[in-house]
Protein chains: 2
Amino acid sequence: MEREEALAVVSGGLDSVTLAHLLAEEGYSLHLLSFDYGQRHGKELEYARRCAERLGASFDVVDLSGVGRLLSGSALTDEIEVPHGRYDEESMSVTVVPNRNAIFLSVAYGAAVARGSVLVAAAMHAGDHPVYPDCRPEFVRSFEAMERLAVEGLGHPGLRLYTPFIHKTKAEIVGLGASLGVPFEETWSCYEGGELHCGLCGTCTERREAFELAGVEDPTEYRG
Amino acid sequence: MEREEALAVVSGGLDSVTLAHLLAEEGYSLHLLSFDYGQRHGKELEYARRCAERLGASFDVVDLSGVGRLLSGSALTDEIEVPHGRYDEESMSVTVVPNRNAIFLSVAYGAAVARGSVLVAAAMHAGDHPVYPDCRPEFVRSFEAMERLAVEGLGHPGLRLYTPFIHKTKAEIVGLGASLGVPFEETWSCYEGGELHCGLCGTCTERREAFELAGVEDPTEYRG
C-alpha cells in the first residue's frame, strides 16, 4: 500500500526539523514546504533542504518575498535591530510578522489539496504563545475549522492540521528530537543569520535553555 | 479628521472594481491589493491598476507566482483548456484554484495589520457559492473568526472582513455599479485573457447575463 503523504511546514529550525523527523518515524511519505519571505535568517532554508534530503522527502521553497515587503515593521524582515534577551520580554514583540502563520498555513493547505496530502503539519509550540497570537491552540483550532470549509469537496477528504508540539515546551521538543536521533547541529534558530548562532537573540536564548532543561548536549556553536 | 483606510482585494473584474467604487463612495481612504498568481487572465491586473488611479487609491500587486505553481490542476493557471458555458456546470470546477481566497485574504490581513487599515474588503458574491467553497458565507464568517485570533493585539483593534456582495447576485452588483457610475468597460472578466472578452467562458457568460438581467447596457466588446 502506498504511504499517505504529510505536508510539513519546515523552516529549518529545531522545532520544525524535529517535526519532520517525527512524521518520518510515524510512517508518512513526506513533502516539506519552506517559505522565503525575505527573512534575514534566510540561512535556515538551507537546513530545511538538508532535512528533506536526509529524510528522502520532496521539497519546495515558496517565494513570498513580495509578501514579506508588505508586512513591514518586524525585525525579522526589516532593518530594525533584532532584540537580545528572553522571548517573554516586551521587546520581542518587534519580531512578530503579522499573520505569518495564517499566510504560510493557507499556502500549505492549497499545496496539500493539489498534492492529495492527508495532513498539513506545523511546529508551533507552547513557548510561542505569549508573543505570537497565531501560535496559540485557539488559533490552530479556528484555522483548521476555516480550512475545512475553504477546501470542502476538494483534495483528500480527511485532510487535517497536525500540530503535535502545541502543548510542548521547547525543552520537551529537544528531548523528543534526541530520542528520534535528530542531528541538532543541522538546524538553525538564530534570527541574526550570521555565520554562527549569535547566542544572544531571543531564539538563541530559548534554544540554549531548552538543551539545558532537557539535559541534552547542545552541539550548537554560539558566537556570544 | 483623517479618513479610515479600507484595504480591498481587487482583481480588476467587474465585482471587485464595483466594490472599490462602493468603498470610495462610503468615504474610506483606499488601498487596493491585487495578486499575480500566474493566472492566464493576468490582463485583469491592468484594470485593477487603472481603478486605483481613478479612485486615488494606493495600489500593490503581490507576486504569488511561486504559490500559483504549487496549486496546479486549475484551468486558470495551467495549460488545461478553459471550459465554455455556464458556471453551474460540473466542468467549471476545473477553474477552482484550491484555497485561493484563504491565501489572498491572509496576505490582505497581514498587509492591513501593517498598514493600520480598519477593514479588509473582498467581492465574493452569491453566484460563486455553488462552485467555489471558499466564496460561501460560512467560509467568510469562519475566516473572520480565525483572523480575529491570528492578529489579536496587533493592528487596528476593530479590523474586520467586509464582504458586502456575499448575498448579492452578479446582476445586483451590475445594478449597484451602474448607480455608482462604475465604468464597466474598464473591468475584465474573461478567463481566456485575449485581446477582447471571449464571450463564451463561464465568467463571460455570467457577465453578459448579469447586464441583461440588470437592464444595464453592456459596454463590453465580445469576440464570440
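Going by the structure above, here's the rest.
What you see is a predicted model, and the numbers here were worked out from it, not measured in a lab. (Residues numbered from 1 in each chain as written. Chains lettered and ligands numbered in written order. Predicted model: local features only at pLDDT ≥ 70, side-chain atom pairs only at ≥ 80, totals over all residues. Heavy atoms only, no water.)

Enquirer: Lay out the interface of chain B and chain A in plain terms, naming residues and giving numbers.
Expert: Contacts between chain B and chain A engage 37 residues on the former and 37 residues on the latter. Each partner contributes to the roughly 2800 Å² buried at the junction of chain B and chain A, and carbon and sulfur atoms together form 71% of this total. Broken down residue by residue, the surface that chain B buries against chain A is led by L70, N99 and L149 of chain B, which jointly contribute 21%. The tally of links from chain B across to chain A stands at two salt bridges. Notably, a salt bridge pairs E152 of chain A with R136 of chain B, separated by 2.8 Å at the nearest N-O pair. At the boundary of chain B with chain A, the tally comes to 11 residue pairs in polar contact (both at pLDDT 80 or more). Here the side of chain B that touches chain A is built from residues that sort into 24 nonpolar, six polar and seven charged. (Contact = heavy atoms within 4.5 Å. Buried area = accessible area lost by both parts, 1.4 Å probe. Salt bridge = Lys/Arg side-chain N within 4 Å of Asp/Glu carboxyl O. Polar contact = N/O pair within 3.5 Å; in protein donor to acceptor, adjacent residues only side chain to side chain. Nonpolar A, V, L, I, M, F, W, Y, C, P; charged D, E, K, R; others polar.)

Enquirer: So, the nonpolar core: which residues are in play, and what are the values?
Expert: Among the nonpolar cores identified, the biggest contains 88 residues, and L64 of chain A together with L64 of chain B are the most heavily contacted of them. Apart from the residues within four sequence positions on either side, L64 of chain B is in contact with L64 and V67 of chain A together with F35, D36, Y37, I103 and F104 of chain B. Core analysis: the second largest hydrophobic core is formed by 29 residues, A6, V10, A52 and A123 of chain A among them. (Core = buried A, V, L, I, M, F, W, Y, C linked by side-chain atoms within 4.5 Å. Buried < 20%, exposed > 50% of the residue type's maximum accessible area, 1.4 Å probe, protein only.)

Enquirer: Describe the sheet that holds strand β5 (residues 160-162) of chain A, listing the residues and the values that go with them.
Expert: All names here are of chain A. Across the sheet, which stays open at both edges, the five strands sit in the order β3-β2-β1-β4-β5 with parallel pairing between neighbours. One side of each edge strand has no neighbouring strand; the edge strands of this open sheet are β3 (58-63) and β5. Pairs of neighbouring strands in the sheet enclose a mean axial angle of 25 degrees, with direction left out of account. When strand β1 (residues 5-9) meets strand β4 (residues 119-121), the two strands line up parallel, connected through three bridges. Within β4, the residue paired with A8 across the bridge is A121. Docked against the sheet, helix α2 (residues 44-55) engages β2 (29-36) and β3, running at close to 170 degrees with respect to β2. (Pairing = 2+ DSSP bridges. Helix = DSSP H or I, 4+ residues; strand = E, 2+ residues; numbered from the N terminus. Axes fitted to C-alpha atoms, helices over the stretch in contact; angles between N-to-C directions.)

Enquirer: Quick rundown of the environment of H31 of chain B? Include the residues and the values.
Expert: Residues and elements named next belong to chain B. Here H31 shows up in strand β2 (residues 29-36). When the C-alpha atoms of H31 and G158 are compared, they prove to be 17 Å apart, with 127 residues separating the residues in sequence. If we ignore the near neighbours within four places in the chain, the residues touching H31 are E5, A6, L7, A8, S58, F59, D60 and R115. Reaching out from H31, the side chain makes a polar contact with the side chain of D60 at a distance of 3.3 Å.

Enquirer: So, the packing of aromatic side chains: which residues are in play, and what are the values?
Expert: All names here are of chain A. Throughout the structure, instances matching the rule amount to 12 aromatic pairs over all chains. Relative to W188, the ring of Y47 has its centre 6.0 Å away and its plane inclined at 15 degrees; by these criteria the two rings are stacked. Separated by 141 residues along the polypeptide, Y47 in helix α2 and W188 in the loop between α6 (170-180) and α7 (202-214) bring together distant segments of the chain. Exposure remark for W188: the relative accessible area of 3% places this residue in the buried category. Among the aromatic side chains, those forming a connected cluster through ring pairs are F35, Y37 and F104. Stacked on the ring of Y222, the Lys or Arg R208 has its end atom at 4.2 Å from the ring centre. (Phe/Tyr/Trp six-rings, centres within 6.5 Å; stacked < 30°, edge-to-face > 60°. Lys NZ or Arg CZ within 6 Å of the ring centre and 35° of its normal.)

Enquirer: Can you tell me about the sheet that holds β2 of chain B, naming the residues and giving the values?
Expert: Residues and elements named next belong to chain B. Pairing in this open sheet of five strands is parallel, and the strands run β3-β2-β1-β4-β5 from one edge to the other. Since the sheet does not close on itself, it has two edges, and those belong to β3 (58-63) and β5 (160-162), each with one partner. If you compare each strand with its neighbour and ignore which way they point, the axes differ by 25 degrees on average. Two elements, strand β1 (residues 5-9) and β2, share five bridges in a ladder whose sense is parallel. Paired with L7 across the two strands is H31, which belongs to β2. Along the sheet face, helix α4 (residues 100-115) touches β1, β2, β3, β4 (119-121) and β5 and points at about 160 degrees away from the line of β1.

Enquirer: Kindly report on the relation of the copies chain B and chain A, identifying the contributing residues and their values.
Expert: With an axial shift of 0.0 Å and an RMSD of 0.0 Å, the rotation relating chain B to chain A amounts to 180 degrees. These values place the two chain copies in the arrangement generated by a two-fold rotation axis. When each C-alpha of chain B is compared by its distance to the rotation axis, I103 of chain B comes out closest, at 3.1 Å. (Least-squares fit on C-alpha atoms with pLDDT ≥ 70 in both.)

Enquirer: So what's going on with the packing of helix α4 (residues 100-115) of chain A against α4 of chain B? Which residues, and what values?
Expert: Between α4 of chain A and α4 of chain B, the shortest axis-to-axis distance is 8 Å and the interhelical angle comes to 165 degrees. On the basis of the axis angle, α4 of chain A is roughly antiparallel to α4 of chain B. The handedness of the crossing between α4 of chain A and α4 of chain B comes out as left-handed. Seen from α4 of chain A, the contacting residues are A102, I103, S106 and V107 of chain A; seen from α4 of chain B, they are A102, I103, S106 and V107 of chain B. (Parallel < 35°, antiparallel > 145°, perpendicular 65-115°, else oblique. Left-handed = near helix turned anticlockwise from the far one by under 90°.)

Enquirer: Requested: an account of the pairing of β1 of chain B, with residues and values cited.
Expert: With five of five residues buried, β1 of chain B lies mostly within the body of the structure. Of the two faces of β1 of chain B, the one holding E5, L7 and V9 of chain B and the one holding A6 and A8 of chain B are both buried throughout.

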